[in-house]
Structure formats: C-alpha cells, structure tokens
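Each chain, letter by letter, is given below.
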Amino acid sequence: MGIMKIGIIGAGNIGGNLTRRLTALGHDVSVANSRGPHTLTALAEETGATPVPVEEAARGAEIVVVTVPQKRVPDLPSGVLDGAAEGVAVIDTGNYYPQQRDGRIAGIEDEGLTESRWTERHLGHPVIKAFNGTYAQDILDRPRPAGAPDRMALPVAGDDEAAKTKVRALIDELGFDTVDAGGIDDSWRQQPDTPVYGLREGVDGVTKALAEASPERPAAFRG
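Quantities reported herein were computed from a predicted structural model and do not represent experimental measurements.

Conventions and cut-offs
- Residues numbered from 1 in each chain as written.
- Predicted model: local features only at pLDDT ≥ 70, side-chain atom pairs only at ≥ 80, totals over all residues.
- Heavy atoms only, no water.
- Phe/Tyr/Trp six-rings, centres within 6.5 Å; stacked < 30°, edge-to-face > 60°.
- Helix = DSSP H or I, 4+ residues; strand = E, 2+ residues; numbered from the N terminus.
- Buried < 20%, exposed > 50% of the residue type's maximum accessible area, 1.4 Å probe, protein only.
- Salt bridge = Lys/Arg side-chain N within 4 Å of Asp/Glu carboxyl O.
- Pairing = 2+ DSSP bridges.
- Contact = heavy atoms within 4.5 Å.
- Axes fitted to C-alpha atoms, helices over the stretch in contact; angles between N-to-C directions.
- Polar contact = N/O pair within 3.5 Å; in protein donor to acceptor, adjacent residues only side chain to side chain.
- Core = buried A, V, L, I, M, F, W, Y, C linked by side-chain atoms within 4.5 Å.

Caption draft 1: Representation of the packing of aromatic side chains within the structure. Overall, the coordinates contain one aromatic pair when judged by the stated rule. Judged by centre distance (6.1 Å) and plane angle (50°), the ring pair of Tyr 97 and Phe 221 falls under tilted. With Tyr 97 in the loop between β5 (89-92) and α3 (98-102) and Phe 221 in the segment after α8 (203-211), the pair connects residues that are 124 residues apart, well separated along the chain. Judged by relative accessible area, Phe 221 falls into the buried class, the value being 11%.

Here it is as structure tokens:
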C-alpha cells in the first residue's frame, strides 16, 4: 500500500492500539484526543506518532479514524476534516450505548438513522464503518497473514466504494480479512448486540452473522 498519512481522533483503547499497529507498519500517524496533545506524550514516545490538537489531526491525511464516544461526535470542531487529502477515507469506529454512556440520541431513535449515518451527518463527510465490533486487544494480538486458517474477518460498511476499498486494504495490511457489509444504511447489521458484533470468526462466519441480523433495535440499546 505504501506509506500513508493517517489521522486518529480519539486515543482510547481502539485509537491507541490502531496508533501502535499503524506506526509499526511504517505509516505517518497523527493522533489527537479531547484533552490535548500534552496528554499523549507517553503514546507518542512509545509509538513515534505525532500528538496534535483535534483541529490538526486530519491535515494531509489519506485516512482519518474517528474513534470517540457517540455522544462526543457533535463536540468535534466544525471543519475537523478540513485540510485532509483529496479523497480522504474516514473510518467511524463508533457505537451508540444509550443506557451505558451516551444518553438518548433522537436522530438514531426517532428518525431511525444508523449510528454511522448520524455520525456522518455531523462530520459532513461520508464514513466507512469498521472496527466498531472489534475487541481493542485483538488489534494487537490477533493479526494473521493472508490465507491463515484462523484469520479473523471484520465487517466494513460504507457508501463510497473508493474509500471502502482503501479501508479494506488497510485492514488487510493490519492482518485481518474483511467482508463488505453494504452501505451505511445497512450498517445496522454490525451495530451492538447483532450476531457479528464482537464475533471472532473468518469470512464465512462474518458473512453468515451479517445475514442473520435483525433491523429491530434491541431494548438494551434503546434510550
């Protein structure tokens, strides 16, 4: 794939471990969080990533990962993706946990938007939904070479085919297969409490789980 400039917004478990893996693969990673670059010194020293303010995370980036709590998406600075490379692919790793963390979000519950469609509207840019059902530790512990019998597959949803192709290639480089889970309006198939969410299986298992999902939002994930 060659070396890419990648911006990561959110330095929690997923954001931190993607920073670790992507820098190890040689990519040029900028990482930001809501508390400021000074709080990311340890991660930067460990990985060689560049800590930046949120407003600068996407600057020049070919891929931007947005990995913040769902309720925090509207708090991201307006124009947070300004200055990204042309054709930037934006990965949304988010999940809506109304009872556990996020409170009730009307657009998701009343309008029936998928979680990523709601995020996309706030960002003003198409997103690719990936890593939302992946255990953060698996990003470090479970990469496998292509063709390995125990290689995990991740569902990837999105409307922008070029961006989706770029994201799927990056996930392959990280050591995981992918399954095309359709467009963002289909991405309910990989939201919390669906069969694929947290599934540690290969392409066949993930494909089957996506097909078995119900569009009905489970009670435990309603606000």
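Caption draft 2: Region of the structure containing the pattern of salt bridges. What the rule picks out here adds up to 17 salt bridges. The shortest N-O distance in the salt bridge between Arg 20 and Glu 46 comes to 2.7 Å. Of this pair, Arg 20 sits in helix α1 (residues 13-24) while Glu 46 sits in helix α2 (residues 41-47), placing them 26 residues apart in sequence. For Arg 217, the salt bridge is made with Glu 115, and the minimal N-O distance between the two is 3.2 Å. Placement of the pair is Arg 217 in the segment after α8 and Glu 115 in helix α5 (residues 115-123), with a sequence separation of 102 residues. When its relative accessible area of 16% is taken as the criterion, Arg 217 is described as buried. The network of salt bridges with shared partners includes Arg 117, Glu 120, Asp 159 and Asp 185.

Caption draft 3: Structural view of the sheet that holds strand β3 (residues 50-51). Strands sit in the order β3-β2-β1-β4-β5-β6-β7-β8 across an open sheet of eight strands; the sheet is mixed. The open sheet has two edge strands with one neighbour each: β3 and β8 (177-180). Here four bridges tie strand β1 (residues 5-9) to strand β4 (residues 63-66), and the two strands are oriented parallel to one another. Bridging across to β4, Ile 8 finds its partner in Val 65. Relative to the sheet, α1 contacts β1, β2 (28-32) and β4, its axis offset from that of β1 by approximately 165°.

Caption draft 4: Structural detail: the environment of Asn 33. One can find Asn 33 in the loop between β2 and α2. For Asn 33, a relative accessible area of 9% puts it in the buried group. Residues Asn 33 and Gly 12, 21 residues apart in the sequence, show an inter-C-alpha distance of 8.4 Å. Not counting the four nearest positions on each side in its chain, Asn 33 is found in contact with Ala 11, Thr 39, Leu 40 and Val 54. For Asn 33, the side chain forms a polar contact with the main-chain nitrogen of Gly 36, separated by 2.9 Å.

Caption draft 5: Structural context of the environment of Ser 78. Tracing the backbone through its elements, the reader meets Ser 78 in the loop between β4 and β5. A relative accessible area of 77% means that Ser 78 is categorised as exposed. C-alpha separation for the pair Ser 78 and Leu 123, spaced 45 residues apart in sequence, amounts to 7.9 Å.

Caption draft 6: Spatial organisation of the nonpolar core. Membership of the largest hydrophobic core comes to 29 residues, with the highest contact counts inside it found for Leu 18 and Phe 131. Of all the elements in the fold, those that place two or more residues in this core are β1, α1, β2, β4, β5, α6 (136-141), β7 (153-158) and α7 (161-174). Looking at this core element by element, the count peaks at five residues for α7. If we skip the residues at most four places from it in the chain, Phe 131 touches Ile 14, Leu 18, Ile 91, Thr 93, Ile 139, Leu 154, Ile 171 and Leu 174. Formed by 25 residues, the second largest nonpolar core is a distinct cluster that contains Ile 9, Ala 57, Val 66 and Leu 123.

Spatial relationships are all this shows, so hold off on functional conclusions.
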